[in-house]
Each structure stands twice: as structure tokens, then as C-alpha cells.
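# Structural features, examined
Okay, here's what each chain looks like letter by letter:
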Amino acid sequence: MRNRNYEQVEELFQRCLMKILNIDLWKCYVTYVRETKSSLPNFRVKMKQAYDFAVEHVGIDFHSTTLWADYINFLKSEATSGSYAETQKTNAIRKAYHQVVMTPLMNIEQMWRDYCNFEQMSSKAAAKRNIDAVSRTYVHSKRASAELESCTRGLIRGATSVPLLGTVQEIQQLKIWKQFIAWEKRNPTRTESNALLVKRVLYAYEQCLLCYSHCAEIWYEAALYLQRASETGNTQFKERWAEEAAMLYERATTISLSNSPLLHFAFADFEESRLKFDKAEAIYKKLLEKKDIQPTLVFVQYMKFSRRTEGIKAARNVFKQAREDPRCSHQIYVAAALMEYNISKDKAIAYKIFELGLKKFADDPTYVLAYLDHLSHLNEDNNTRVLFEKVLATMPAEKTKEVWDKYVEFESNVGDLASLLKVEKKRAASMRGNSKMDPSQCREALLLVDRYSYLGLIPCSETELKVMEHPCAAKVDLEPASGSSGLQSTRAKDTIAETSLSGNISRPDTSHMLPFRPSATSGVGMNAVPGGHFPLPSEVAYLMSRIPPPQCFNGPFVNLNELVHLIKTSDLPSSLAPGPPDRPGKKRRAEGRDDSDDETQSSTAPPTNDIYRARQQKRAHTVNSS
């Protein structure tokens, strides 16, 4: 605009204006039309179209008061001739004021006073009737404006949208945004128009996405709100809101979160619910084309979708594609086998799929345990034992602990005592032969505890577990099988600990504390909290005033936990290790240690500005004179 490149300016507006509902951007658009179209013969028509376009899309913004004021002043400045034209002008201004007083805006009281003055100047006879007709709406809007200002206090609307880092400020800001959205959903303006309510809620979501477009939760909640509105609303807006929900999903999966499987799955389910199976399948295929994602979960969900929409044969084709993808892990084999068993009721096909996966993932304990669970549910005890022996003979020893534990549990449930003892003996020998296993964890007493434990029930007390150094001793939710004595002892121990802690802790005297009074305005040296801002300590505030604002820093960001860990674990050389600073007085005393104490005391001269000695001499002089 400064360089008069108006064609490029209009291209930018066409590309981003409808997607970015930012009040400052729309004010810039209105200013551009006012400054560049003023020489046209139909300037007022163009200008009115620009104002109508702006207030239609961002007129419900809390900070759009100046936009409405400029629009009304523009309507008032129109020159008219004749009573009909004057009536049309008055009606247009009144309509604009009515839209203002029914919208929660900042400084809405001033707009209400301007409207009352307008009615008084237009027609004193009809002024009271026209004002009373909208006074009730104004009261609701005024109350809603105060609630909105309190609800959004501390909100940073101009934050740049960047990938989430999980910082405290991000969590606090998202919490305020969610409060704002929940407030809009409660219909604080008490409007009877469902379309206006949906528009306000969606506008709140759009404002949040301007700052947090990388948050999948906000995208999903916005699309889900539109989806539910289309299912419960009237037929006039049903199709429109459903298409807007699809557009939200499209925007999210195309730009900000193009690698997010979560939103792609939600988008595909949404299209499937509308019976648009081709679009849903295209979403899965689009996600599988990406090379920088792990495709196993995508194939699993794609296979389930194909089974629901086209049948078991289509799902098998997807499983075939997954087997040909070298990036896929063992979960696709488990999903395919269980689907065959649960849907087609064919145990043979499921068994073949598990065996096919075992050739590739025989050293993966997670896959082996899933296969063993399936066989145990089929009550095929012999096949289960064969699988245990087969896997344990080939799997690396450091990975077999979970499989051995499962084997012991299996024999404890379905085998006899001789077979159980035999398996425990094999497990103990395997654990002792594992160089990476702690020898203390192979003691017979620990294995005995594992034999008799069941679903959190432990055959001994917590104290005994600690003495034996059993891994379960670290768990808090232990439930001793010996009755309520263990629970009572635990409660008694907690009571003793709480009493001892409360007696040793020095607590502040709260009677001398000042109540917290946050400030509504923010500035340098202020920290945002729910309810306002509070000043930082003077040293921190001075430091923050000297350094650049956080918006000027774009990285690299230091992981503080790793930095502190690195400092704690680093061995500094002795020449670089900092020592206590030498004090001048101590140094002089150290140098004079050879002299006696008497010599040191006699050689020490009194200071010239000794006030006490001067008073003593003055008093002695006065006594002698008297």
C-alpha cells in the first residue's frame, strides 16, 4: 500500500481476508478501500459495500467498536435531498445502531449514548418508543460485555501461531481460550437465532486458531460443533454447516497439521458418516503417501474402514498393501488376525496370519504376547505351550522376561504343580544366564512372590516386599492379601509421617500478608495470571526492561531439564572449578600470623573518624576542667 502496488494488495486481500478473521486486518481493508477508491464516481457505493462486508464477518468482534463507529459516521455523512431519501438514511443508521446494541462490544455504553442522542435528534416524539424497544437488548449486551471482558482477561490475541512446545504460557492461554469458547456456547446474549449463536461460537474458534493453528484439539472441537449443529439445526443451515465442517477439516489437514493422523482419521469418519465413502478413502490414501510418518496405524484404521464399507475382502486387500510396506510394524498382523477371527469367524485364517507375522517378529515380545493371548482364549493349551517353547528358544535372553512371566502365569492357571515348578526352574536358569539381568532379581523368594500374586493381590506385606527388594515394593497401590492389617498399618504410617512433617515445617504468618489485587492493564514487568496481572520483583522487572521482548526471539530453544542435567553430571577440571573469594581482611590477617597478638594489638592504630573515642575524650576534658 505504501508503494502503491494496489494489484498485489488486492490479490493478498482476496487470498487471506476470508480465512483470517482478524479485526485489524479487516480495518486495514476498509482503510484501503477508502483511500484508493475515493476518486471513483461510485465511491460511496463501493465504500458502503466494504463496510457491510466487514461488519458482516467481524462485526461481532469485541474490539470492533471503532469499525461500527466509522460505519455509522459514514452513513451520517451522506448528503440527501427529499424526505424519502432522508427516511432511508435514518433507517439505515438506526439499523446499524440496533446491530451494535445487540452485540457485546468494548465501550458499548458510549455507543448506547450516541444512539439515544441520534433518536432524540431524529424525532423527539418517537425517541422514547424506539429507545425502549431496544433497551432490554442493550442491558443483556452490556452485561455480556462485562462478562466477556472478565472472561478474556489475560488473553494474548496477537500471539504468533507456532508448533506447540507445551510451555506453561501456552497451557494458560489455551485455558483462557477454552473459557471464552465455552462462554460463547452458553448463549450469553440470549439470542433466539440459532444461526447467530453458531456464528458467534465459530468466530471464537477462528480467533483461537489464529494463535494456535497447530493445536489439533481446537480444530476438532470446532468441526465437531458444526457437525452437531448440522444434525440438530433447521434444514435451512443443515447442509451449509456440514460443508463448513468439511472445510475446517480440509484446512487443518492441508496446512497446519498435514502430518496429523488424528485429524485425518476424524475427517475420514466425518465423510463416512455422510456416506461419502470415496472422499473418506481418498483421505486415507493421501495420508499413506506421506513418507515422514509411521503408516502402521493408518493401515489399521484404513483396513477397519474398508471392512465397514466394502466388506472383508476389501480389508484383506488393504492388509496385503500393508505387508508390502517395509515401514509397517507387527500391529498390522495382530489387527488383521483378530479381524478375521471376530468378523469371518475363521480360526484357521487368523492362525495363518499370526504364524506369518511370527516369521518376521519372533523376537518382538509384544507381538508374541498378543499371539499367546489369542491362543489362550481359544483354550488350545498344547499349541500355547509349543509356542512358548518355540519362541523362548530363539528370542534373545534380554527380551524374554515378559514371556517367561506369561509362561508362569499360564501354567499357574491351566497346568499342574509339576509343570509349574518345571517352568519356574527354566525361567530361573534363563535369568541367571542373562548377563544384563540383576542377579538379585533371580532369588527364589522373589519368584515365589510372583507365583502367588494375582491381579494386584500380594501374598505378603509391603514391609516384607521392601526387605526382599521386590520390584512391586515401589508401587503405592498394593493390596495385601492378609486382610486389613496392611491397610491399617499404611494409614497409620501416613498419619505419623504427616504429623512429623507438619511439626517440622515453619509456616508463614499470613496475618501480615497483603491481599492479591491484580491489575487489569499489562506492561513491562507484569506477569499474566487468571484475573489480571501482578508486578514481578524489582530485580526481575529491571532485567525484563533491559532485554528484548520474547517476540524477538525465534530460537534455538534450550531444553532446561537437559541443560541442568548436563551441568550436574559434568566433571569440571580443578583449574576451572570456582573457589570461595578471598576477603581482604582475612588475607592481611593470614600474612601477619607470625607476629604475636600483643604486637598486633599495639600496632593497630584507631581510625581517624572514631565517634565513640571522640566523645570519650570530650567527656574527660570536661571533667578535668570542672
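Scoring rules and cut-offs
Residues numbered from 1 in each chain as written. Predicted model: local features only at pLDDT ≥ 70, side-chain atom pairs only at ≥ 80, totals over all residues. Heavy atoms only, no water. Helix = DSSP H or I, 4+ residues; strand = E, 2+ residues; numbered from the N terminus. Buried < 20%, exposed > 50% of the residue type's maximum accessible area, 1.4 Å probe, protein only. Areas by Shrake-Rupley, 256 points an atom, 1.4 Å probe, with all protein chains shown as cover. Phe/Tyr/Trp six-rings, centres within 6.5 Å; stacked < 30°, edge-to-face > 60°. Core = buried A, V, L, I, M, F, W, Y, C linked by side-chain atoms within 4.5 Å. Salt bridge = Lys/Arg side-chain N within 4 Å of Asp/Glu carboxyl O. pLDDT = per-residue confidence, 0-100. Contact = heavy atoms within 4.5 Å.

Under an unreviewed UniProt entry, the chain has the name Cleavage stimulation factor subunit 3 and belongs to Geodia barretti.

The helix and strand inventory of the chain stands at 29 helices and four strands. Here the chain holds 626 residues, and the buried ones make up 35% of them. For the chain, the computed accessible surface area is about 40200 Å², with 55% contributed by carbon and sulfur atoms.

Once that is clear, we can look at unusual backbone geometry. Note: most peptide bonds trans; most residues except glycine with negative phi. The phi torsion at Asn-107 lies on the positive side, around 60 degrees, for a residue other than glycine. By the element assignment, Asn-107 lies in the loop between α5 (83-101) and α6 (108-122). Not every positive phi belongs to a glycine, and Leu-275 is a case in point at roughly 65 degrees. Positionally, Leu-275 belongs in the loop between α12 (261-273) and α13 (277-288). Residue class for Leu-275 comes out exposed when judged on its relative accessible area of 64%.

Looking now at the packing of aromatic side chains. Enumeration over the complete set of coordinates arrives at 28 aromatic pairs. Here Tyr-249 and Phe-270 contribute two aromatic rings whose centre-to-centre distance is 5.7 Å and whose plane-to-plane angle is 40 degrees, an arrangement assigned as tilted. Of this pair, Tyr-249 sits in helix α11 (residues 235-256) while Phe-270 sits in helix α12, placing them 21 residues apart in sequence. In this structure Tyr-249 comes out as buried when scored by relative accessible area, which is 2%. Judged by its relative accessible area of 3%, Phe-270 falls in the buried class. With centroids separated by 5.8 Å and ring planes inclined at 45 degrees, the aromatic side chains of Phe-388 and Phe-410 adopt a geometry described as tilted. Of this pair, Phe-388 sits in helix α19 (residues 381-394) while Phe-410 is found in helix α20 (residues 401-414), placing the two residues 22 residues apart along the sequence. Per residue, the accessibility class of Phe-388 equals that of Phe-410, and both read buried.

By size, the foremost hydrophobic cluster in this structure holds 90 residues, and its most contacted members are Met-303 and Ile-332. Tallying contributions element by element places helix α9 (residues 194-211) first for this core, with nine residues. Within the second largest apolar cluster, 40 residues are counted, among which are Leu-17, Leu-21, Leu-75 and Ile-108.

Under the counting rule described, the total for this entry stands at 25 salt bridges. As a salt-bridge pair, Arg-316 and Glu-340 come within 2.7 Å of each other at their nearest N and O atoms. Here Glu-340 lies in helix α16 (residues 331-344) and Arg-316 lies in helix α15 (residues 312-324), a separation of 24 residues in the sequence. Among the residues examined, Arg-316 registers a relative accessible area of 34% and is labelled partly exposed. Judged by relative accessible area, which is 3%, Glu-340 ranks as buried.

This part covers the confidence of the model for the chain. Mean pLDDT over the chain stands at 82; residues scoring 70 or higher make up 82%. Counted against residues more than four places away or in other chains, residues 476-502, with its pLDDT under 50, gives 15 contacts. Every residue in residues 583-603 is under pLDDT 50, and counting partners more than four places away or in other chains gives one contact.

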